[in-house]
Amino acid sequence: MRASITIFICISLFLFIYGCSSKSYSTDNNYDLLIENGTVIDGTGSAGVRSDVLIRDDQIIYIGDVNPSDIRVKRVLNAEGKVVTPGFIDTHAHGNPLRTPEFPNFLAMGVTTITLGQDGSSPSVGDTYNWMMDVKQAQPAVNIAHFVGHGSIRRKAGVDEKTDVSADEMQEMVDYVTEAMAAGSFGMTTGLEYLPGTYAGLNELTSLAEPVGRNNGLIMSHIRNEDDSNIEDSINELLEQGQNTDTPVHVSHIKIVYGNDVNRADDVLRIMQNARDKGQTVTADIYPYTASYTGIGIVFPDWAKAPNNYKQVVAERREELVEFLQNRVNRRNGPESTLFGTPPYAGKTLAEVSEEAGKPFEDVLIDDIGPTGASAAYFVMNEDVMARFLVDPKVMVASDGSPTMRHPRGYGTFARIIKEYVVDKEVLTLENAIHKMTGLPAVTLGMDKTRGFLKPNLAADILIFDPKKVVDHADFENPHILAEGFDYIIVNGGLAIDDGKITNTPFGMMLRK
């Protein structure tokens, strides 16, 4: 008898607790959005689970089974046959939120957060807080995270192309980094293949990394040289900055120029893993294209670029410059593999421009363009090597794109990952791909306590879509076509894309570390 009473009490208690938990989603049962019948992929890499999601204001309140009759909700979104994921986080993006705050290119491919200030170039050095306030006033459509650029710091401090930096100049640059971190910057970027970053030595880079690490920030680097023969040394230089300052480091748009052997990707990844085995935090990002995009100065020698006098170099060393450009461009798969993205040559290859001009491509580069006269896409990467990088567990996805750049990565990257590498080629599982575009970048940037995962009390940055319907339309001939397939995109609780259409209502925020 006593046993029967005990069992009855236990069952009654279970039913009471279960009944309460299944109906009491919070103390206030009023919600803005209910997403029902979807498969929730939470950003951790774990398998998707059939769940409902409740949202109030800008936060996720509850994930689990919801009985609609138990709540009051302004709108219900039916996600039957679709997945529900965190919004994508682009760890390497370009653009000006004060000029184009709408950022439809990022939104349409599922990106709800972008990082700006990349490759060593950032706005408003020394006035980061006010720039952030201006961005807030501009009401961007996506969340914005700021990095302070090393090259911009150099220019602000009047260092420019100096190789010898005085103690006072060094302190001024350190002060700029410290100011940015205090304002809420997520770290510092370097562009060591570009001017003026290329003139910085390890001591300078380490000194600037110190205040970043002290404030729990991240060093993101366009490393000094991505060529097959130099990439190990370049990554080791970045690792040394982190080792000397206990600062996490991150390789931007990891690639191997001229590297056609997939084993070379393993060589590079092994260097990074060895550093992790010793306790260092090292990550990287990648975009799913075999062409890079940057200024034409990438094919010119350093001695033909500032602070050297270009006209004087041409006059005195033309024969040497001709030979360098011939070797450099031909090694980069020839003039037909350089596709211009800026007027007056936009949409034409260097080979086509050369043919139209009736002179060798090296003379076109020297006389008509020069080291600062154009930007272009360069088809210099091997797809198998890039795929090997992509599957590494510490490599995430980033576009390196913008609303204006003539490269499809700014409009297609994240959609392309799903279509080509998940659905078509099955290189990644959907859960793994989502992790690389949400949870992994959130942890890397240090924003995982607020977004990047689908969890209660985190920001409601959410996507609803059928993976088989996601498509990237942008290509190199028409790089500015929006991606499709994301039915609903929620940014901070607001519908930025509703039933596949951009609402043009801004819900983004200026994020601070």
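The rules behind the values
Residues numbered from 1 in each chain as written. Predicted model: local features only at pLDDT ≥ 70, side-chain atom pairs only at ≥ 80, totals over all residues. Heavy atoms only, no water. Buried < 20%, exposed > 50% of the residue type's maximum accessible area, 1.4 Å probe, protein only. Helix = DSSP H or I, 4+ residues; strand = E, 2+ residues; numbered from the N terminus. Pairing = 2+ DSSP bridges. Right-handed = clockwise from strand over helix to strand, strands pointing away. Axes fitted to C-alpha atoms, helices over the stretch in contact; angles between N-to-C directions. Contact = heavy atoms within 4.5 Å. Expected span 1.5 Å × (residues − 1). Phe/Tyr/Trp six-rings, centres within 6.5 Å; stacked < 30°, edge-to-face > 60°. Lys NZ or Arg CZ within 6 Å of the ring centre and 35° of its normal. Parallel < 35°, antiparallel > 145°, perpendicular 65-115°, else oblique. Nonpolar A, V, L, I, M, F, W, Y, C, P; charged D, E, K, R; others polar.

A. The arrangement of the pairing of strand β13 (residues 282–286) in detail. For β13, a buried count of five out of five residues is recorded, marking the element as mostly surrounded by other parts of the structure. Of the two faces of β13, the one carrying Val282, Ala284 and Ile286 and the one carrying Thr283 and Asp285 are both buried. As judged from the three bridges shared by strand β12 (residues 249–251) and β13, these two strands associate in the parallel manner. Directly across from Val249, in β13, lies its bridge partner Val282. Handedness of the crossover joining β12 and β13 through helix α8 (residues 262–277): right-handed. Relative to strand β17 (residues 395–397), β13 runs parallel, the two being bridged by three bridges. The residue of β17 that forms the bridge with Asp285 is Met396.

B. Local environment of the sheet that holds strand β14 (residues 291–295). An order of β14-β16-β15 is seen for the three strands of this open sheet, with the pairing classed as antiparallel. Unpaired on one side and paired on the other, β14 and β15 (338–340) mark the two borders of the sheet. Between one strand and the next, the sheet's axes are offset by a mean angle of 25°, whatever the strand orientation. Pairing of β14 with strand β16 (residues 375–379), which is carried by five bridges, proceeds in the antiparallel orientation. When the sheet's bridge partners are listed, Ala291 is paired in β16 with Phe379.

C. Spatial organisation of the environment of Ile286. Counting through the fold element by element, Ile286 comes out in strand β13. The class of Ile286 is buried, set by a relative accessible area of 3%. Considered as a pair, Ile286 and Asp28 are 258 residues apart in the sequence and their alpha carbons are 43 Å apart. In this structure, Ile286 is in contact with His253, Ile254, Met386, Phe389, Leu390, Val395, Met396, Val397 and Ala398, ignoring residues within four places of it in sequence.

D. How the structure looks around unusual backbone geometry. Cis rather than trans, the peptide bond between Leu195 and Pro196 has omega equal to -5°. Going from Pro343 to Pro344, the amide bond is cis rather than trans, its omega being 0°. With respect to the secondary-structure elements, Pro344 resides in the loop between β15 and α10 (350–357). With a phi close to 45°, Asp160 is a non-glycine residue in the positive phi region. Residue Asp160 is classed as partly exposed on the basis of its relative accessible area of 26%. Of note in this structure, His253 is not a glycine but carries a positive phi near 35°. The residue His253 is located in the loop between β12 and α8 in this model. Residue His253 is classed as buried on the basis of its relative accessible area of 3%.

E. Region of the structure containing the sheet that holds β13. Sheet architecture is open: six strands sit in the order β9-β10-β11-β12-β13-β17, paired in parallel fashion. The sheet is open, and its two borders are formed by β9 (148–149) and β17, each paired with just one other strand. Where β9 lies against strand β10 (residues 187–191), two bridges are found, and the strand directions are parallel. Across the sheet, residue Gly149 finds its bridge partner in β10, namely Thr189. Most of the contacts of α8 go to β13, to which it runs at about 150°, and overall it touches β12, β13 and β17.

F. Looking closely at helix α7 (residues 231–245). Given a rise of 1.5 Å per residue, 15 residues ought to cover 21 Å, and the 22 Å separating the end C-alpha atoms of α7 matches this to within 8%. Listed as buried for α7 are Ile231, Ser234, Ile235, Glu237, Leu238, Leu239, Gln241, Gly242 and Thr245. Buried positions along α7 lie against α6 (202–214), β11 (218–222), β12, α8 and β13. Backbone geometry just after α7 places Asp246 at a positive phi near 55°.

G. Spotlight on the environment of Gly334. Relative to the assigned elements, Gly334 resides in the loop between α9 (310–331) and β15. Residues Gly334 and Ala442 lie 108 residues apart in sequence; the distance between their C-alpha atoms is 39 Å.

H. Here's a closer look at the packing of aromatic side chains. Evaluated as defined, the whole model comprises nine aromatic pairs. Taking 5.9 Å as the distance between ring centres and 85° as the angle between the ring planes, the aromatic pair formed by Phe88 and Phe486 counts as edge-to-face. Placement of the pair is Phe88 in strand β6 (residues 88–90) and Phe486 in strand β19 (residues 486–491), with a sequence separation of 398 residues. Pair check on accessibility: Phe88 and Phe486 agree, each one buried. Ring pairs connect the aromatic residues Phe88, Phe414, Phe465 and Phe486, which therefore count as one cluster. Stacked on the ring of Tyr421, the Lys or Arg Lys425 has its end atom at 5.3 Å from the ring centre.

I. Broad picture of the packing of α10 against helix α11 (residues 361–369). Where α10 contacts α11, the two axes come as close as 9 Å, and the packing angle between them is 85°. Viewed along their axes, α10 and α11 adopt a mutual orientation that is roughly perpendicular. For the pair formed by α10 and α11, the contact residues are Leu350, Val353, Ser354 and Ala357 on the first element and Phe361, Val364 and Leu365 on the second. Along the lines of polarity and charge, the residues of the contact of α10 with α11 split into six nonpolar, one polar and no charged.

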